[in-house]
Amino acid sequence: MLDARLESGRAGGLEQAIQGLVAGLSQTREVDGDEIVVVGWTGLDSWIEPSARGPGMRVEHVPGPVAGRAARLLRGNAVGRAVLPSLATMRARADHGPPNGSPLEAFEPDVIHFAHQRGEITRYPSVYEPWDLQHLHFPEHFSSAEYSRRDRWYRALCDDAAMVVVHCDAVRRDLTRWGIADERIAVVPMASVLSLRPALDPDEAGRRRERFALPPRYALFPAQSWPHKNHLRLVRALKLLRGRGVGIDVVCPGATRSNVATIRAAAVEAGVADLVHFPGHVPTDDLRAMYEGAALMVFPSLHEGFGLPIIEALDVGLPVVCSRIGPLVEVAAGAARYFDPMSSESIADALVSVWSDDDAAERLARFARKRAAQFSWAATARAYRSLYKRVVNVGSPV
């Protein structure tokens, strides 16, 4: 059983990762006839259903949490959006740990796969994915209440799981330092959700881009506006480049969090507001059109659990300029130009070195296609199927 209880557009790359995994599992059904049940929230799972149409797959629904429905109503008006941060802080203070028991137990699964950080303590064997331990590396990005909640939840769910899955060695090392036994950790790379869809007709891709009024030439930075995505240093890099006479438009698709106002204000102060574009959350086909129309992808993130946008860029042969941090170096290998994400000067130098050099961009594009060929959802799905069988063979309900 795979837990896909997410709201589309609110979970960043997790949504794409689960879509890809479910599609891979649909395409790699094994001869033993095992069924995989994908569970989503009632009325909020349309994003996962198209990926779960293969043989041996079934989608079930459970009611969404009352708190989640209330939050969606609050987000619909200005007053509600103003009080949401306070409500989140109050919830975190009262939140002593993950629920003991899960509505998924009603399906009597052989194994429950919690494919995102929010899981539950269950009497059934489980596979849990913490994705990353960002709070240990950048505690300043979290309130004390949220830091405490993450620490309690992630530790408890890792301890309860039969297996803990991460997607790069950097996070595996974090978990071993945290005391999780190495034999209980599996490293499973992801792939690009763009690979699940055919390339767009050039005219159709152009029409999709026109709907967003994109500039004729741009760098793409697909990320929600969380602090660790490092938009502010990228804004300062654009200011440095404008001072050198180089103006680079950057398109930033992704759900806009509350701190997007801070980013916009910084862009105004830096004199580059005209260069930073926030189209918001976009559907996968529109996102693919944005990738295919970009000159390059820039990704200045400070911390990642894997780096799905890097894989997506490689998949369409897009030159990549990104942070020199462990997960991104693991994913891109030699198919990217790296910079120090703590230095706006380093970001600016790397960005312009590809933006202004067609030969450099073409070399990176060639490397990108070769590197992308080493990842596939079929391989990812086979690794998960093997994990599920391993867990079932060693664990059972108590």
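Peer 1: Help me understand the overall build of the protein in this model?
Peer 2: Each helix and strand in the protein was counted, giving 15 helices and 13 strands. Per-residue burial over the protein gives 56% buried out of 398 residues. Considering only contacts in the protein between residues 6 or more positions apart, those separated by 24 or more positions represent 68%. When the accessible surface of the protein is summed, it comes to about 17100 Å², and 51% of that surface belongs to carbon and sulfur atoms.

Peer 1: What's the story with the environment of Arg118 in this structure? I'm lost.
Peer 2: Its place among the elements puts Arg118 in the loop between β4 (112–114) and β5 (126–128). Looking at Arg118, the relative accessible area reads 34%, which means it is partly exposed. In this structure the C-alpha to C-alpha distance between Arg118 and Leu6, which are 112 residues apart in sequence, comes to 9.7 Å. For Arg118, the residues in contact, after removing those within four places along its chain, are Asp3, Arg5, Leu6, Trp41 and Trp153.

Peer 1: Got a minute to help me understand the packing of aromatic side chains in this structure?
Peer 2: How two aromatic rings sit relative to each other is given by the distance of their centres and the angle of their planes. Applying the stated criterion across every chain yields a total of two aromatic pairs. When the centroid spacing of 5.6 Å and the interplanar angle of 85 degrees are considered together, the rings of Phe221 and Phe299 count as edge-to-face. Separated by 78 residues along the polypeptide, Phe221 in the loop between β8 (219–220) and α8 (231–243) and Phe299 in strand β11 (residues 296–299) bring together distant segments of the chain. Looking at Phe299, the relative accessible area reads 0%, which means it is buried.

Peer 1: How should α8 be read in this particular structure?
Peer 2: Every α-helix carries 3.6 residues per turn, so stepping three or four residues along brings you back to the same face. Compared with an ideal rise of 1.5 Å per residue, which puts 13 residues at 18 Å, α8 spans 19 Å between its outermost C-alpha atoms and is within 8% of the ideal. Those residues of α8 not exposed but buried are His231, Arg233, Leu234, Val235, Ala237, Leu238 and Leu241. Tucked inside the fold, the buried residues of α8 contact β9 (250–253), α9 (260–270), β10 (276–280), β11 and α13 (344–355). Gly245 sits one or two positions beyond α8 and adopts a positive phi of about 90 degrees.

Cut-offs used in this document
- Residues numbered from 1 in each chain as written.
- Predicted model: local features only at pLDDT ≥ 70, side-chain atom pairs only at ≥ 80, totals over all residues.
- Heavy atoms only, no water.
- Helix = DSSP H or I, 4+ residues; strand = E, 2+ residues; numbered from the N terminus.
- Buried < 20%, exposed > 50% of the residue type's maximum accessible area, 1.4 Å probe, protein only.
- Contact = heavy atoms within 4.5 Å.
- Areas by Shrake-Rupley, 256 points an atom, 1.4 Å probe, with all protein chains shown as cover.
- Phe/Tyr/Trp six-rings, centres within 6.5 Å; stacked < 30°, edge-to-face > 60°.
- Expected span 1.5 Å × (residues − 1).

Remember that the coordinates give geometry; whether it matters functionally is a separate question.
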